[in-house]
Amino acid sequence: MDFAVLRRHVGETAALWKGRPPIVARAVDLAPSGFGLVLKTPAGWECLQIHLTPEQQGFRLSPGWEESPIESPLTRMMNQHLKDGRIEGLELYETAPGCANDRIVRWRLVTRDAFFHTSKRFALIGEFTGRIANLLLCDADGIVIEQARQTGNNRPHEGYRPPAAPSANMLNPATASNELLGEILAAPPKTWPDRLTAFSPLSAKELAFRRAATPERDAVALLLDLAVEATAQEIPVRIYTPPGRAPVLSVFEARHLVAAGAGVREAATVNAALAMLETELLRPKRLEALREQAKAGFERDLKAKERLLEAQKSLQSDYADAEAWRRCGDLLLTHVRDIPPRATESRLTDWEAGAEVVIPLDPLRTPAQNAQKYFHKYKKALRGREETARRIADLQGEIAWLREQIWLCENADSAADLVALPSAKPGRRRGSHTGRNDAERARAAAKAVKPLVEIDGCRFYVGRNGRQNDLVTFQIGKRGDVWFHANDVPGAHVVARRPGGTPTDEDLRRGAVLAAWFSFARQSSKVPVDYTDIAHIKRIPGGGAGRVNYTHQKTMYVDPADAKEILVSI
């Protein structure tokens, strides 16, 4: 988003809020990365989304948003200071009257104390200046309270310092003389953004293209035409999609991009253009990239676990001869007097098999000592067989869980399902002082998980990743709720709750259908789904988030396609 687009966006948004300032209900972290203020406006609920990543850098208003399950320090401070406040104004940040810094926006907010009837003023400052973007919360005196990124320019508890203001040798095209503008435009186009304020590389390329296309026209006149287009409110905002390049937003006609084969889409406002850019172009690509990134981590773990499983199975096959070693020991003790000293082997008849057995011996040991060696190998094999069986069972459980996480990643519908990968162990984490902090975070995250659907008073909660499965089952679910999971295939945890009552038979059928739909067996026509009271679900100690054992289950066979009539109400 260049300066011209941002300037128009600020003007349109300020006009929208004029005379009816929105109220800040709460601050949220957005998925996959961003910050939001949930606003109560005369038109309803909206979210002021503020993003710092290169592809989304800027702000926009949206009736919907995806909350991240992780709360950042900046969001906590915004909730502490800005909740129930009003946005009084929005403008481009100026270091001096009439001297706006490049792509810096300030939101002015005021909060009122209901008891003391006092007011406090704050400012949110968004620096959308390219790679080094930032969002800062400041008090009325401009002291930084908290910021999204640590930069060398600003620190908490110090006065806000904007990025470097335009240098003295830069000229404002709106106030500079034609002679000076002509002197600047006589230089190569790549130098223009360094000499003219609010003049982006996109503007420079467009002006150079127009000058080459119409050499009979004066370059200064072309520059002024471009400036008029960039400030005209009635001209539609355009989204250009050049082949093999990122989409470009422009408030003037970028003819050089059209000449290069770029597709064009139009919107009436910058906010509408940003919404179109997000939903149609950026979000699908970002979601696919997040899916692949999330899958890659689980797939690496899966390959490592599968290698360990093969190693344990190999060990188990080595221990399969335990009974043979015991029989060797028994035979040696039985024929201890018949074995000559320093023998390297003994040929004895196995009375169980009825065949001759060749038993290797250590010539430095007596026959009795050789027998004890075989008994020792027998006991070691028994212990090894039990241990490998336990390890194989654990690894098979972990592999099943990892495959479930991979399936959930592949079928995630939003970035919020992917930004917080489930931890390998849901207990105390490194860096937390007490387990209580983790429990508080889990309770806070559970509040963000809403019922997928509510039908006839019964609420159905569906986990969309390992972490959500854990929250749905152990934070949201209570005794009396019914828990569902497709039998023996990767899938989501589903919890059915009927407040003040017990889920009916129809509720159970719907819960089973949802569990079948949100599972690997979605394409089947008959899927077995286990269900039980949530009191019978136990977390596997040390297992990944969402790994459970359950008892007292019943099984219902359902058709996943029946979920379509349930989901149509969403």
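Located above this text is the structure these notes cover.
I will try to describe carefully the structure that is included in this document.

What counts and what doesn't
- Residues numbered from 1 in each chain as written.
- Predicted model: local features only at pLDDT ≥ 70, side-chain atom pairs only at ≥ 80, totals over all residues.
- Heavy atoms only, no water.
- Helix = DSSP H or I, 4+ residues; strand = E, 2+ residues; numbered from the N terminus.
- Rg over C-alpha atoms; globule rule 2.2 N^0.38 Å.
- Buried < 20%, exposed > 50% of the residue type's maximum accessible area, 1.4 Å probe, protein only.
- Contact = heavy atoms within 4.5 Å.
- Areas by Shrake-Rupley, 256 points an atom, 1.4 Å probe, with all protein chains shown as cover.
- Lys, Arg positive; Asp, Glu negative; His and termini not counted.
- Charge placed at Lys NZ, Arg CZ, Asp CG, Glu CD.
- Phe/Tyr/Trp six-rings, centres within 6.5 Å; stacked < 30°, edge-to-face > 60°.
- Lys NZ or Arg CZ within 6 Å of the ring centre and 35° of its normal.
- Salt bridge = Lys/Arg side-chain N within 4 Å of Asp/Glu carboxyl O.
- Core = buried A, V, L, I, M, F, W, Y, C linked by side-chain atoms within 4.5 Å.

### Regarding the overall build of the protein
Secondary structure summary: the protein contains 14 helices and 22 strands in total. In terms of C-alpha radius of gyration, the protein reaches 34 Å, well past the compact-globule figure of 25 Å for 570 residues. With the C-alpha coordinates of the protein rotated into their principal frame, the extents come out at 120 × 60 × 50 Å. Buried positions account for 45% of the 570 residues belonging to the protein. For the protein, long-range pairs separated by at least 24 residues make up 58% of all intrachain contacts whose partners lie at least 6 apart in sequence. Carbon together with sulfur atoms contributes 52% to the accessible area of the protein, which is approximately 29500 Å² in total. Of the charged side chains in the protein, 80 are positive and 71 negative; the average position of the first set lies 4 Å away from that of the second.

### Here's the deal with the packing of aromatic side chains
The tally for this structure, following the rule as stated, stands at five aromatic pairs. Both rings, one in Y93 and one in Y160, keep their centres 5.4 Å apart while their planes meet at 85 degrees; by these two values the pair is edge-to-face. In this pair, Y93 is assigned in strand β5 (residues 86-96) and Y160 in the loop between β9 (144-147) and α3 (178-185), connecting sequence segments 67 residues apart. We classify Y93 as buried; its relative accessible area is 11%. The aromatic ring of Y374 is capped on one face by K373, whose charged end is 5.6 Å from the ring centroid. Across the ring face of W517, the terminal group of R522 is positioned such that the distance to the ring centre comes to 4.2 Å.

### Regarding the pattern of salt bridges
Following the criterion strictly, the structure yields 38 salt bridges and no others. The partner of E12 in a salt bridge is R8, and the shortest N-O contact between them spans 2.8 Å. In this pair, E12 and R8 are both assigned in helix α1 (residues 3-17), four residues apart and thus about one turn of the helix distant. Across this residue pair, the class does not change: E12 and R8 are buried. Residues joined in a network through salt bridges with shared partners are D456, R498, E506, D507, R509, R510, D562 and E565.

### Thoughts on the environment of E71
Residue placement: E71 occurs in the loop between β4 (58-62) and α2 (73-82). Looking at E71, the relative accessible area reads 42%, which means it is partly exposed. E71 sits 180 residues away from V251 along the chain, and the two C-alpha atoms are 35 Å apart. If near-sequence neighbours (up to four positions away) are discounted, E71 is found in contact with D29, R76 and N79.

### A word on the side chain of R60
Mapping R60 onto the fold places it in strand β4. No salt bridge is formed by the buried R60; its nearest oppositely charged neighbour, E278, is found at 4.3 Å. With residues up to four places along the chain from it excluded, the contact list for R60 reads H9, C47, L48, Q49, N271, L274, A275 and E278.

### Notes on the nonpolar core
Counting residues in hydrophobic clusters, the biggest one holds 37 residues, and the most contacted among them are L207, L249 and V251. Going through the elements one at a time, α1, α3, α5 (201-213), α6 (219-231), β10 (237-241), β11 (248-250) and α8 (270-318) are the ones with two or more residues in this core. Here this core gets seven residues from one element, more than from any other, and that element is α8. If near-sequence neighbours (up to four positions away) are discounted, L249 is found in contact with V5, L202, V237, R238, I239, V270, A273 and L274. Formed by 30 residues, the second largest nonpolar core is a distinct cluster that contains V24, I87, L124 and I145.

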